[in-house]
Amino acid sequence: MGRLLSWTIHAVTILGTGFIIWAIMGWAPLERHWLPDNVNKYGPIIDHLFNVVLGITAVIFVITGVVLGVSIGKSAANPTKPASYVHGSHVLELVWSIIPAGILLFITFYQMDAWAQHKMRYPTETVDGHQVAKKPHARLVARQFDWDVWYPGPDGELGTHDDLLNTDELYVPVDQEIVVQIESQDVLHSFFVPHMRLKQDVVPGMRQFVWFHPIKQGKYEIACTELCGWGHYKMRAHLHVVTPEKYAEFIDNLAAQKLTVPESE
Ligand code: CUA
């Protein structure tokens, strides 16, 4: 029994590590089971941080797995020998308090740049020779269970009567910095764009901003990643990264649709 348990623990360590490496390498049949392509200029710093943390946990996972498996195997090989019971080891307690504390402290400082780039340094733009906060490209309003996207109308300002509404399809031009204002109309949601390495809780009563810099055209998934009610699973939208020309065309179409509604009634 002890021997079986020992081998099971070894199998978990070996298979767990093996499958992860397999997926990272993208070998069949686990192609595309690791991170999706990054299409955000600010994405690599997040991937790097992810890999560093994964590396640390991988080392600890393998060490604990091997120690556990070997210990169980040893006692299984000698079943008549009683196990030794240890009650409180000052040195051990110190070691396993100080090492995790040290690792956490290291991560705290190591991630500061990533946090600053993604959450603190609000993008600016130059207007009349002055650096000013960049205007949001669109306003995203999460609600059970859709994402309403508001674009500035002909006046170029968000939050005015001529804003254009579209649901579940966020269009942005490629190769420029995009700021999106996000809000919730009801409960807690979370805005997640895996290809952009972007995730932000959408908190009711708060106006928040996220920013990214798409470098590749395409259609990417936007998912709600906060359990927000029975329809959480279907709260899915798309981010379309298109050329500036296509984007202008999209906005023109949206404006045309808006104008034609009263006439068709
Ligand atoms: Cu909104 Cu889950």
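Here we summarise the structure given alongside this text. Remember, predicted model here, so these are calculated numbers, not experimental data.

A look at the packing of helix α2 (residues 43–77) against helix α4 (residues 112–120)
Close contact between α2 and α4 brings their axes to 10 Å; oriented N to C, the two are set at 145°. The two elements α2 and α4 meet at a crossing, and its hand is left-handed. Residue-level inspection shows I45, I46 and L49 of α2 in contact with α4, the latter providing D113, A114, Q117 and H118. In terms of residue class, the contact of α2 with α4 is made up of four nonpolar, two polar and one charged.

Looking at the packing of helix α1 (residues 2–25) against α2
Here α1 crosses α2 at 160°, and the two axes come no closer than 7 Å. It follows from the interaxial angle that α1 and α2 lie roughly antiparallel. Helix-helix and strand crossings are classified by hand; for α1 and α2 the assignment is left-handed. Along the contact surface, α1 presents G2, R3, L5, S6, I9, H10, V12, T13, T17 and I24, while α2 presents L54, F61, V62, G65, V66, L68, G69, V70, I72, G73, A76 and A77.

Focus on the sheet that holds strand β12 (residues 236–242)
Overall, mixed pairing links the five strands, which are arranged β6-β12-β11-β8-β9 in an open sheet. Every other strand in the sheet has two partners, leaving β6 (169–173) and β9 (198–202) as the edge strands with one partner each. Going across the sheet, the axis of each strand differs from the next one's by a mean of 20°, ignoring polarity. Both β6 and β12 contribute to a ladder of five bridges, which runs parallel.

Quick notes on the pattern of salt bridges
For side chains bearing opposite charge, pairing can occur when the charged atoms are close. Under the criterion given, the structure shown has nine salt bridges. For R197, the salt bridge identified is with D47, shortest N-O distance 2.5 Å. Here R197 is found in the loop between β8 (189–193) and β9, whereas its partner D47 is found in helix α2, with 150 residues between them in sequence. In this structure, R197 and D47 share a single accessibility class: buried.

Here's the deal with a nonpolar patch on the surface
Where nonpolar side chains cluster on the molecular surface, the patch consists of L15, F19, I20, I21, W22, I24, M25 and W27 and spans about 790 Å² of accessible area. Along the polypeptide, W22 turns up in helix α1. Taking the relative accessible area as the measure of exposure, W22 reaches 36% and is therefore partly exposed.

Some details on the packing of aromatic side chains
Tallied over the entire structure, the rule returns 11 aromatic pairs. With centroids separated by 6.1 Å and ring planes inclined at 65°, the aromatic side chains of W34 and F50 adopt a geometry described as edge-to-face. You can see W34 sitting in the loop between α1 and α2 and its partner F50 sitting in helix α2, a full 16 residues away along the chain. A relative accessible area of 36% places F50 in the partly exposed class. With a centroid separation of 6.3 Å and an interplanar angle of 40°, the aromatic rings of Y247 and F250 are classed as tilted. Placement of the pair is Y247 and F250 together in helix α5 (residues 244–264), with a separation of three residues, close to one helical turn. Across the ring face of F192, the terminal group of K199 is positioned such that the distance to the ring centre comes to 4.5 Å.

Cut-offs applied
Along each chain, numbering runs from 1 in the same order as the chain's sequence is written. Per-residue local features are limited, in this predicted model, to residues with pLDDT of at least 70; the limit for side-chain atom pairs, both in listing and counting, is 80 or more; totals at the level of whole chains, interfaces and linings are taken over all residues. The side-chain quantities take in all heavy atoms of the structure and omit both hydrogens and water. As a rule, the C-alpha atoms of each element are fitted with a line to give its axis, helices using only the stretch in contact, and angles between N-to-C directions run from 0 to 180 degrees. Per the convention used, a helix needs a DSSP run of H or I reaching at least four residues, while a strand needs a run of E reaching at least two, with both numbered from the N terminus. Each crossing gets its handedness from the near helix: less than a right angle anticlockwise from the far helix is left-handed, clockwise is right-handed. Contacts are assigned to residue pairs with any non-hydrogen atoms lying within 4.5 Å of each other. All amino acids are sorted into three groups, where Ala, Val, Leu, Ile, Met, Phe, Trp, Tyr, Cys and Pro are nonpolar, Asp, Glu, Lys and Arg are charged, and the leftover types, Gly among them, are polar. Angles are sorted into four bins: roughly parallel if under 35 degrees, roughly antiparallel if over 145, roughly perpendicular if 65 to 115, and oblique for all others. Strands are labelled as partners when DSSP assigns at least two bridges between them. The working definition used for a salt bridge is a side-chain nitrogen of Lys or Arg within 4 Å of a carboxyl oxygen of Asp or Glu. A simple rule labels every residue: compare its accessible area, found with a 1.4 Å probe on the protein chains alone, to the largest value its type can have, and call it buried under 20%, exposed over 50%, or partly exposed in between. Excluding any residue in a salt bridge, patches collect residues exceeding 30% relative accessible area, merging like charges within 9 Å and nonpolar Val, Leu, Ile, Met, Phe, Trp and Tyr side chains within 5 Å. Accessible surface is estimated by sampling points in the Shrake-Rupley manner with a 1.4 Å probe; for residues, cover comes only from the protein chains shown. In summary, the pairing rule links any two rings of Phe, Tyr or Trp, Trp by its six-membered ring, whose centres are within 6.5 Å, and it sorts them by plane angle into stacked for under 30 degrees, edge-to-face for over 60 and tilted for everything else. Throughout this description, the term charge over a ring refers to an Arg CZ or Lys NZ atom that lies within 6 Å of the ring centre and within 35 degrees of the ring normal.

Interpretation note: all reported values are geometric properties and have no functional meaning in isolation.
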